[in-house]
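The lines below spell out each chain.
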Amino acid sequence: MERRNNMRLSCPHCGEFARIRKSQQLTPVYREATVECQNPDCGWRGKMALEMTQTLTFSQQPNPEIRLPMSPRLRDSIRDQLMVQ
């Protein structure tokens, strides 16, 4: 079963809809994709990188091999909770 995402990509040249043709997960936090413009008058194709960069909420099933930094808001929230105790 194929999953659809709601991410809408635009061609960096003409601004029309650009579609992901294929993608490859290279690491648990990094994926590369081939993107192509759907405007036949443009014809642009390129590569896109998608990377997870921060933790916004802690996982209930953390992978010990993944080390993503906490977002500043999460870090401040934890600091504030520790100061109250």
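Note that this is a predicted model, so its numbers are computed, not measured.

Undergrad: Now, about the overall build of the chain: what can you tell me, with residues and values included?
TA: Helix and strand counts for the chain stand at 1 helix and 4 strands. When its helices and strands are written in sequence order, the chain yields β-β-β-β-α. At 18 Å, the chain has a C-alpha radius of gyration far larger than the 12 Å of a compact globule built from 85 residues. When the backbone C-alpha atoms are referred to their principal axes, the chain occupies close to 65 × 25 × 20 Å.

Undergrad: Got a sec to walk through a nonpolar patch on the surface? Specific residues and values, please.
TA: A grouping of M7, I20 and L50 is seen on the molecular surface, where their side chains present a nonpolar patch of about 240 Å² in accessible area. Note that I20 resides in strand 2 (residues 17-27).

Undergrad: Now, about the sheet that holds strand 1 (residues 9-10): what can you tell me, with residues and values included?
TA: The strand order across the open sheet formed by 4 strands is 1-2-3-4, and the pairing between neighbours is antiparallel. Strands with a single pairing partner mark the edges of an open sheet, and in this sheet they are strand 1 and strand 4 (45-51). Judged from the 2 bridges that link them, strand 1 and strand 2 form a sheet pairing that is antiparallel. The residue of strand 2 that forms the bridge with L9 is A18.

Undergrad: Which residues make up the pairing of strand 3 (residues 30-37), and what values do they have?
TA: The pairing of strand 2 with strand 3 spans 8 bridges and is classified as antiparallel. Of the residues in strand 3, the one forming a bridge with I20 is V35. Joining the antiparallel neighbours strand 2 and strand 3 is a turn of 2 residues. Both strand 3 and strand 4 contribute to a ladder of 7 bridges, which runs antiparallel. Looking at the pairing, E36 lines up with R45 of strand 4.

Undergrad: Mind laying out the pattern of salt bridges, listing which residues take part and the relevant values?
TA: Under the counting rule described, the total for this entry stands at 4 salt bridges. The partner of R21 in a salt bridge is E36, with the nearest N and O atoms 3.6 Å apart. Within this pair, whereas R21 is found in strand 2, its partner E36 is found in strand 3, the two being separated by 15 residues in sequence. A residue is classified by how much of its surface remains accessible, and R21, at 46% relative accessible area, is partly exposed. Between R79 and D80 there is a salt bridge, with its nearest N and O atoms 3.4 Å apart. The class for D80 is partly exposed, based on a relative accessible area of 39%. One salt-bridge network, held together by shared partners, links R21, E36 and R45.

Reading the values: the criteria
Residues numbered from 1 in each chain as written. Predicted model: local features only at pLDDT ≥ 70, side-chain atom pairs only at ≥ 80, totals over all residues. Heavy atoms only, no water. Helix = DSSP H or I, 4+ residues; strand = E, 2+ residues; numbered from the N terminus. Rg over C-alpha atoms; globule rule 2.2 N^0.38 Å. Patch = residues over 30% accessible without salt bridge, like charges linked within 9 Å, V, L, I, M, F, W, Y side chains within 5 Å. Areas by Shrake-Rupley, 256 points an atom, 1.4 Å probe, with all protein chains shown as cover. Salt bridge = Lys/Arg side-chain N within 4 Å of Asp/Glu carboxyl O. Pairing = 2+ DSSP bridges. Buried < 20%, exposed > 50% of the residue type's maximum accessible area, 1.4 Å probe, protein only.

The analysis is restricted to geometry; functional conclusions fall outside its scope.
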